[in-house]
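# Results of the structural survey
The lines below spell out each chain.
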Amino acid sequence: MRLLIVEDERRLATALARGLAAEGFAVDVAHDGVDGLHLAREQEYDLIVLDIMLPGLNGYRVCASLRDDGDDTPILMLTAKDGEYDEAEGLDTGADDYLTKPFSYVVLQARIRALLRRRARTGSPVLRVGSLSLDPGARRVTRDGEEVALTTKEFAVLEQLARHAGEVVSKADILAHVWDFAYAGDPNIVEVYVSALRRKIDVPFGRRSIRTVRGAGYRLEADGGRDA
């Protein structure tokens, strides 16, 4: 899953990004409202952590602009202000939750997980591709009813394929969703994770569900047939 943090306190933004990345999220960071709004409009995010007191555009205006665009990405607002009117204004502009600084990182994590679970319930909570089942909220994968243990990055790659099951997903699309936009490493890292996924969700079950489409990317098929 990919998150956007819009926070002008650079040390806080860096700490949050590192912590959430360690939890398996791809995290992009902006330090002012203009850049934050631009990223939110250009990229697809699963959740936005948005400070209110920002240079350029404040968080209220960023949130209101996104909602006016029809963007329903969950937004968790952060602010140093403390008062029911500030909270009400944030929620009235379309924010989904509100957290006052200073806050516990554990609480922030819990709020993020709650918002992601809430969003999953409004859509399809479980992704099913043939005998393969993915629960994004619980980060749980099963095949033929048997649970398969995946790392956070493996799950993120598989989730991207499952959300576009039957379609070709390019290596660039996987990189953009699973790694942050600043990733400058070897793009062949995707091949490493796809190979790992095949060893875990295909080989033990005699399946060939992750197909390589030469020169285009990968396609997740419903079971993809059984090996003889």
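The rules behind the values
- Residues numbered from 1 in each chain as written.
- Predicted model: local features only at pLDDT ≥ 70, side-chain atom pairs only at ≥ 80, totals over all residues.
- Heavy atoms only, no water.
- Helix = DSSP H or I, 4+ residues; strand = E, 2+ residues; numbered from the N terminus.
- Buried < 20%, exposed > 50% of the residue type's maximum accessible area, 1.4 Å probe, protein only.
- Contact = heavy atoms within 4.5 Å.
- UniProt positions renumbered as here; feature names shortened; annotations may be inferred.
- Pairing = 2+ DSSP bridges.
- Axes fitted to C-alpha atoms, helices over the stretch in contact; angles between N-to-C directions.
- Core = buried A, V, L, I, M, F, W, Y, C linked by side-chain atoms within 4.5 Å.
- Parallel < 35°, antiparallel > 145°, perpendicular 65-115°, else oblique.
- Expected span 1.5 Å × (residues − 1).
- Left-handed = near helix turned anticlockwise from the far one by under 90°.
- Right-handed = clockwise from strand over helix to strand, strands pointing away.
- Salt bridge = Lys/Arg side-chain N within 4 Å of Asp/Glu carboxyl O.

## Looking at the overall build of the protein chain
Counting secondary structure elements, the protein chain contains eight helices and 12 strands. Looking at the protein chain as a whole, 46% of its 228 residues are labelled buried. Once local pairs closer than 6 in sequence are excluded, the contacts in the protein chain between residues at least 24 apart make up 55%.

## Some details on the UniProt feature "modified residue: 4-aspartylphosphate" (unreviewed entry) in the protein chain
According to UniProt, the "modified residue: 4-aspartylphosphate" (unreviewed entry) feature falls on D51. Relative to the helices and strands, D51 is located in strand β3 (residues 47-51). Overall, D51 belongs to the buried group, its relative accessible area being 3%. Each residue touching D51, except ones within four places of it in the same chain, is listed here: V6, E7, D8, G59, L78, T79 and K101.

## Observations concerning the sheet that holds strand β11 (residues 210-213)
Pairing within the open sheet is antiparallel, and its three strands lie in the order β10-β12-β11. Both edges of this open sheet fall to β10 (168-169) and β11, since each of them pairs with a single strand only. Strands β10, β11 and β12 (217-220) of the sheet are contacted by helix α6 (residues 152-163), whose axis makes an angle of about 70° with β12. Its contacts with the sheet place helix α8 (residues 189-202) against β11 and β12, and it is angled at close to 145° to β11.

## Focus on the nonpolar core
The nonpolar side chains of soluble globular proteins are, as a tendency, buried together. Counting 25 residues, the largest nonpolar core has L134, V157, L158, L161, I174 and L220 as its most contacted members. Counting only elements with at least two residues in this core, the list comes to β6 (127-129), β7 (132-135), α6, α7 (171-178), α8 and β12. The element best represented in this core is α6, accounting for six residues. When near neighbours in sequence (up to four residues on either side) are disregarded, L161 contacts V169, I174, I210, Y218 and L220. Core analysis: the second largest hydrophobic core is formed by 20 residues, I52, Y60, V62 and I75 among them.

## Observations regarding the packing of α7 against α8
α8 packs onto α7 with a crossing angle of 90° between their chain directions and a minimal axis gap of 10 Å. Taken as axis vectors, α7 and α8 run roughly perpendicular relative to one another. Only I189, V190 and E191 of α8 make contact with α7, whose side of the interface consists of K171, I174 and L175.

## Describing the side chain of T73
One can find T73 in the loop between α3 (59-68) and β4 (75-79). You can call T73 buried: its relative accessible area is 7%. For T73, the contacting residues outside a window of four places in its chain are Y45, D46, L47, I48, R67, D96 and R119.

## Quick word on α6
For α6, spanning 12 residues, the distance from its first C-alpha to its last is 16 Å, which sits close to the expected 16 Å at 1.5 Å a residue. With 10 of 12 residues buried, α6 is to be regarded as a mostly interior element.

## Let's talk about the packing of helix α2 (residues 33-42) against α3
In contact at an axis separation of 10 Å, α2 and α3 are set at 25° when each is read in the N-to-C sense. Relative to α3, α2 is oriented roughly parallel. Handedness of the α2/α3 crossing: right-handed. Between α2 and α3, the contacting residues are G33, L37, A40 and R41 on the first element and V62, S65 and L66 on the second.

## Observations concerning the pairing of β3
In summary, the side chains of a regular strand alternate between the two faces of the sheet. With five of its five residues buried, β3 lies for the most part within the structure. Neither face of β3 is left uncovered, since the one carrying L47, V49 and D51 and the one carrying I48 and L50 both have all their residues buried. The pairing of strand β1 (residues 2-6) with β3 spans four bridges and is classified as parallel. Among the inter-strand pairings, L3 is bridged to a residue of β3, identified as L47. Between the parallel pair β3 and β4, the chain is carried across by α3, and the sense of this crossover is right-handed.

## What to know about the pattern of salt bridges
Should the charged atoms of two oppositely charged side chains come close, the side chains can pair. Across all of its chains, the model carries 15 salt bridges by this definition. Here R41 makes a salt bridge to D69, at a shortest N to O gap of 2.7 Å. Taken together, the positions of R41 in helix α2 and D69 in the loop between α3 and β4 put the pair 28 residues apart, joining distant regions of the chain. Among the residues examined, R41 registers a relative accessible area of 47% and is labelled partly exposed. Judged by its relative accessible area of 45%, D69 falls in the partly exposed class. Of the charged contacts in the structure, one is a salt bridge between E191 and K171, with a shortest N-O distance of 2.9 Å. Of the two residues, E191 sits in helix α8 while K171 sits in helix α7, which places them 20 residues apart along the sequence. Residues joined by salt bridges that share partners form a network here, namely E7, E9, D51 and K101.

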